[in-house]
Every structure is written in C-alpha cells, then in structure tokens.
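Chains, contacts and geometry: an overview
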Amino acid sequence: MQRDGPPMNKGAEKGVMQLKGIHHLTAVSADIGGNYRFYTHVMGMRLVKRSVNQDDVTAYHLFYADAAGSPGTDLTFFDWAVPRERRGTHSISKTSLRVNGTASLEWWAARLKGEGVEHGEIRVVDGRAGLHLEDPEGQRLALIDDGGVGDPPVAWSASPVPIEHQIRGLGPIHLSVPLLEPTEMVLAEVLNMRRAREYEVKGVSRVVFEMGDGGPTAELHVAVEPGLAPASPGAGGVHHVAFRTPNETEYHEWADRLNRMGMPNSGEIDRYYFRSLYLRDPNGILFEIATDGPGFAVDEDAATLGERIALPPFLESRRAAIEANLKPLPK
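In this report, we go over the structure that sits alongside the text. (Residues numbered from 1 in each chain as written. Predicted model: local features only at pLDDT ≥ 70, side-chain atom pairs only at ≥ 80, totals over all residues. Heavy atoms only, no water.)

1. Section: helix α4 (residues 248-260)
In an α-helix, one full turn covers 3.6 residues, which means residues spaced three or four apart are oriented alike. The end-to-end C-alpha distance of α4 is 18 Å, a good match for the 18 Å that 13 residues give at a rise of 1.5 Å each. Listed in full, the buried residues belonging to α4 are Y251, W254, A255, R257 and L258. Projected down its long axis, α4 shows its buried positions confined to an angular sector of 160 degrees, all on one face. Facing away from the buried side of α4 by more than 90 degrees, the exposed set consists of T249 and R260. (Helix = DSSP H or I, 4+ residues; strand = E, 2+ residues; numbered from the N terminus. Expected span 1.5 Å × (residues − 1). Buried < 20%, exposed > 50% of the residue type's maximum accessible area, 1.4 Å probe, protein only. Arc of directions from axis to C-beta.)

Set out below in structure tokens:
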C-alpha cells in the first residue's frame, strides 16, 4: 500500500485573521427523496434542518450533520430538477467525511457492500487512510480516517450506524482547476490560507491549503488538471463550500477585508442560522464564509431538529404556499 509522508501542520500565523476550517458544503440533488434515504438510512447522518433554498423557495435545502448540527459537520443539498453534472475542472470535485480509525473504515466497507453501494479499496493517500464511494446520483465522497482530531461530534442515538463508526464531520474538500495560480491567489492572499504541502495521485499534482490549526477539518486539496474540460453544474455536483469564522465580529472584518482588497463578493447575507458572505475565485469556484452561530436550534428544539419544515422569519408569512409546493420526504 503506497504511503506518502505524514501531513504537516505549520500552525496558524499569529496576528493574522484566520478561518477555522470547513463550515459546510452544499451540493445538488435531483432526487431529494432518494437523497434523504441515502444520507440518513445508509450514511447514518441526522437531518438537522428541513428548510428551503432562501433564494429559490420552490426547492428544499436539507442539512445532514451530527446530532446537533455542529459547525463543520454539515453536508447540505439543494433540491433542483436538473440533469447530472458533467464532471471536469473549474469545480469542487470531491467531499471527504471523517471517521475515526481504520477499524471504522473497514466497518464502512462492509456496510457499503451490504447496502449495494459501490466503493473503492481502503488506501492511504497523503498520509491518511480513506475509502472512496459515490452516492446514487454520482456525488463523489471519501470516508477518511481523521485520527480522532477536531471537535468531538455529537452522536445521534437514532442513527443506524453505531456511535463509534458515525461520521464525525467534513474532512478535506477537493477542487479541480486548470491553473493553480488564480485559485492560490484567492486562498493564500485573500483568505489567508497556507500552502502546506504537495502530493501526486496518478500523475496529477495536488496542492494542500490549510486554515486555522490545519489538519483534516481545515484543508482544501487543489488538483491541477489543465487537460480536463470545464465541469457543467448539475445533480451529483457541488454548489459551494463554506469556511468557518467564529463570530460576527470577525465576519464583519472579513467583509471589510474583501471590499478593501477589491474582491467581488455578495455582501453580508443573514441566513438566520448563520451569517454568510460569498465570493468566487477566478476559476469560477464559489466560496462562502459563514459564522459558527447562532445555529440550527435557534428555531427548533434540539430533540426534534429536522422533523418539520423550518423557515427563517422573513419567509414565515409565505409558509402555506411554500409547503404546498414541496413534496413530502419519505419516512
């Protein structure tokens, strides 16, 4: 089994505003019922927020996470009736989900086989053991051994997955770009990420950028693939990845920083469950900066998260029309 050297951690640069790590990742599904079954029944994640896309209220926005919806554990989906993604560069190409230990990876290999989910072999890449798979719509995922690092997740007692093997949160997110320099400029010079190391897989160079304290909760792996055609967005693809900022004070500082640097951005947007700020790198990849709070329990009891359609206050007056347009999710 091929092994590269262990990951390095240079640590956060003192005095420089730092993003903490991955906050959430949002992808696209054209089969939201099947999506719900896969991520709750097969992957054992909890649906912690059953809401709608705030910019397109005809579409569900589902959030799967640990039991509390902790920042850094959210894998979310927009419900759009669109064709499958055409894979290529200029894209977020793979999402890692963290588990603890090779025993968990072996357990997952057996579970996926039993559920009829195609997957690869357990392999060590960039110093970490991992297991690659796809969801029913072709969403590319990797279960990786995080060695138990990062904030401990809140276990979901109703999960079909035993507590010791449950998904602990999001791991490294993989990008594909034809040219590194434009993306590196945004990651390093605008967002203060650090270029940590490089490795190759099947002849393709990958450069790792890290945030905060680094490690598997706070990495982007950028593959340089100039020979690929641009991706075409669609079901089974990723819409954007969000990075953590701990509070509104730093969130406002990030907005000011983007404006001072002349970086085009969305401006501050209140998503109710967190505050958002969006920007695109020159390769067309959409990034978000999101606050850790106030969190998903702001309008629901923690014990019943995700059991009803939750709407931010500015949409509440339209609830009847919104709910009438949404298909019930399967039990």
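2. With respect to the packing of aromatic side chains
Applying the stated criterion to the full structure yields 10 aromatic pairs. Measuring from ring centre to ring centre gives 4.9 Å for F38 and Y39, while their planes differ by 85 degrees; the resulting arrangement is edge-to-face. The class of F38 is buried, set by a relative accessible area of 5%. For Y39, a relative accessible area of 0% translates into the label buried. Relative to Y64, the ring of Y39 lies with its centre 5.4 Å away and its plane at 25 degrees, an arrangement referred to as stacked. Taken together, the positions of Y39 in helix α1 (residues 32-42) and Y64 in strand β3 (residues 56-65) put the pair 25 residues apart, joining distant regions of the chain. (Phe/Tyr/Trp six-rings, centres within 6.5 Å; stacked < 30°, edge-to-face > 60°.)

3. Side note on the pattern of salt bridges
Considering all chains together, one arrives at 21 salt bridges under this definition. Where R111 meets E115, a salt bridge forms, and the shortest distance between an N and an O atom there is 4.0 Å. Here E115 falls in the partly exposed class, since its relative accessible area comes to 40%. Between E210 and R194 there is a salt bridge; the shortest N-O distance is 3.2 Å. Separated by 16 residues along the polypeptide, E210 in strand β11 (residues 204-210) and R194 in strand β10 (residues 194-201) bring together distant segments of the chain. By relative accessible area, which is 11% here, R194 ends up buried. Residues participating in the shared-partner salt-bridge network are K20, D151, R244 and D292. (Salt bridge = Lys/Arg side-chain N within 4 Å of Asp/Glu carboxyl O.)

4. Observations concerning unusual backbone geometry
Cis geometry is adopted by the peptide bond preceding P294, which originates at G293 and carries an omega value of 10 degrees. Structurally, the position occupied by P294 is in strand β16 (residues 286-294). Non-glycine residue H90 carries a positive phi angle of around 60 degrees. Relative to the helices and strands, H90 resides in the loop between β4 (74-79) and β5 (91-99). Judged by relative accessible area, which is 31%, H90 ranks as partly exposed.

5. Regarding the sheet that holds strand β12 (residues 219-224)
Read across the open sheet, the 8 strands follow the order β6-β7-β8-β5-β9-β12-β11-β10; overall the sheet is mixed. Taken across any chain shown, the strands that pair with only one partner, and hence form the sheet edges, are β6 (123-125) and β10. Here the average twist between neighbouring strands, direction ignored, is 30 degrees. In terms of strand pairing, β10 meets β11 through 7 bridges, oriented antiparallel. Bridge pairing links E200 to S205 in β11. (Pairing = 2+ DSSP bridges. Axes fitted to C-alpha atoms, helices over the stretch in contact; angles between N-to-C directions.)

6. Considering the pairing of strand β1 (residues 22-29)
Within β1, 8 of the 8 residues are buried, which leaves the element mostly enclosed by the surrounding structure. Of the pairings in the sheet, the one linking β1 to strand β13 (residues 238-245) comprises 5 bridges and is antiparallel in character. Bridging from a neighbouring strand, H24 pairs with A242 of β13. In this sheet, β4 lies alongside β1 in parallel orientation, the contact comprising 6 bridges. Counterpart to T26 in the pairing with β4 is T76.

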